[in-house]
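Geometric and topological summary
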Amino acid sequence: MRDDTPLPNLSTLKDQAKRLRSRLQAGGETIGHSRALELIAAQHGFNDWNTLHAALGNRRGPESLAPGARVTGAYLGQPFSARVVGIHAITSSPGSYRVSLDLDEAVDVVTFDSFSSFRKRVNGVIGKDGVSQARTSNGRPQLELSWS
C-alpha cells in the first residue's frame, strides 16, 4: 500500500534503478533494466513501473526538482543558470520549499557602482511557482526559478 510520501522525479527514480542493478551485479546477481525499474516501483509502493510513471504525471512544481537538476532564473534581479544542490519541502509552510543553488557564474548582488559583492551559492525559499515571497526594496521577488 502506498503512503503519501512525495515521489522523487523521474530521473532520480531511473538513477535508483541503475544503482540497484550495479549493486546487485557487484554481488553476483544480474537483472535487466526493466526488472530494476519494477523493483524501484515496488519500493515506492506501486504495482509496476508503468503505474509509478503515470503517478508522476507531468509534475512541474518544485517537488519535481532534485539535487543536480538544472535551473535558470534571477537572484536579486541578476540572471543566472545553476545546479540545484538541495531542495526540501517546508512542512510548517505547505507549498514552500527551501532551495540551495550553485550558480554557474557568481552574480553581483550589489547595485552600487563603487562596490561589488559576488555570490556563487544561493539559498532561498520559493513557492510552487518557483518565486520567493521575500521581495527586494523595489518589489521584485528575491529569487525566481524556472526549470523544464
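The rules behind each value
- Residues numbered from 1 in each chain as written.
- Predicted model: local features only at pLDDT ≥ 70, side-chain atom pairs only at ≥ 80, totals over all residues.
- Heavy atoms only, no water.
- Helix = DSSP H or I, 4+ residues; strand = E, 2+ residues; numbered from the N terminus.
- Buried < 20%, exposed > 50% of the residue type's maximum accessible area, 1.4 Å probe, protein only.
- Contact = heavy atoms within 4.5 Å.
- Areas by Shrake-Rupley, 256 points an atom, 1.4 Å probe, with all protein chains shown as cover.
- Pairing = 2+ DSSP bridges.
- Axes fitted to C-alpha atoms, helices over the stretch in contact; angles between N-to-C directions.
- Core = buried A, V, L, I, M, F, W, Y, C linked by side-chain atoms within 4.5 Å.

**Observations regarding the overall build of the protein chain**
For the protein chain, the helix and strand inventory stands at three helices and five strands. In sequence order, the protein chain lays out its α and β elements as α-α-α-β-β-β-β-β. Looking at the protein chain residue by residue over its 148 residues, the buried ones come to 35%. When contacts within the protein chain are restricted to residue pairs at least 6 apart in sequence, those whose partners lie at least 24 apart make up 42%. Summed over all atoms, the accessible surface of the protein chain reaches about 9,300 Å², with 48% contributed by carbon and sulfur.

**Topic: the sheet that holds strand S4 (residues 118-127)**
Here we have five strands laid out as an open sheet, ordered S4-S3-S2-S1-S5, and antiparallel in their pairing. Looking along the sheet, the strands with just one partner apiece sit at the ends: S4 and strand S5 (143-146). Within the sheet, the average angular offset between the axes of one strand and its neighbour, ignoring direction, is 35 degrees. Across four bridges, strand S1 (residues 70-75) lies against S5 in antiparallel orientation. Note that in S5 the partner of alanine 74 across the bridge is glutamate 144.

**A word on the environment of leucine 65**
Within the secondary structure, leucine 65 sits in the loop between helix H3 (49-56) and S1. A relative accessible area of 9% means that leucine 65 is categorised as buried. Considering only alpha carbons, one finds leucine 65 and isoleucine 87, 22 residues apart in sequence, at a separation of 7.3 Å.

**Details of the nonpolar core**
Counting residues in each nonpolar core, the largest one holds 20 residues, and the members touching the most others are Val71, Phe80, Val99, Leu101, Leu143 and Leu145. Those elements that provide at least two residues to this core are S1, strand S2 (78-89), strand S3 (96-108), S4 and S5. Top element by residues in this core is S3. It accounts for five residues. When sequence neighbours within four positions are dropped, the list of residues in contact with valine 71 reads Leu65, Phe80, Ser81, Ala82, Val84, Leu101, Leu145, Ser146 and Trp147. Core analysis: the next-biggest nonpolar cluster, separate from the first, contains eleven residues, Leu13, Leu37, Phe46 and Leu56 among them.

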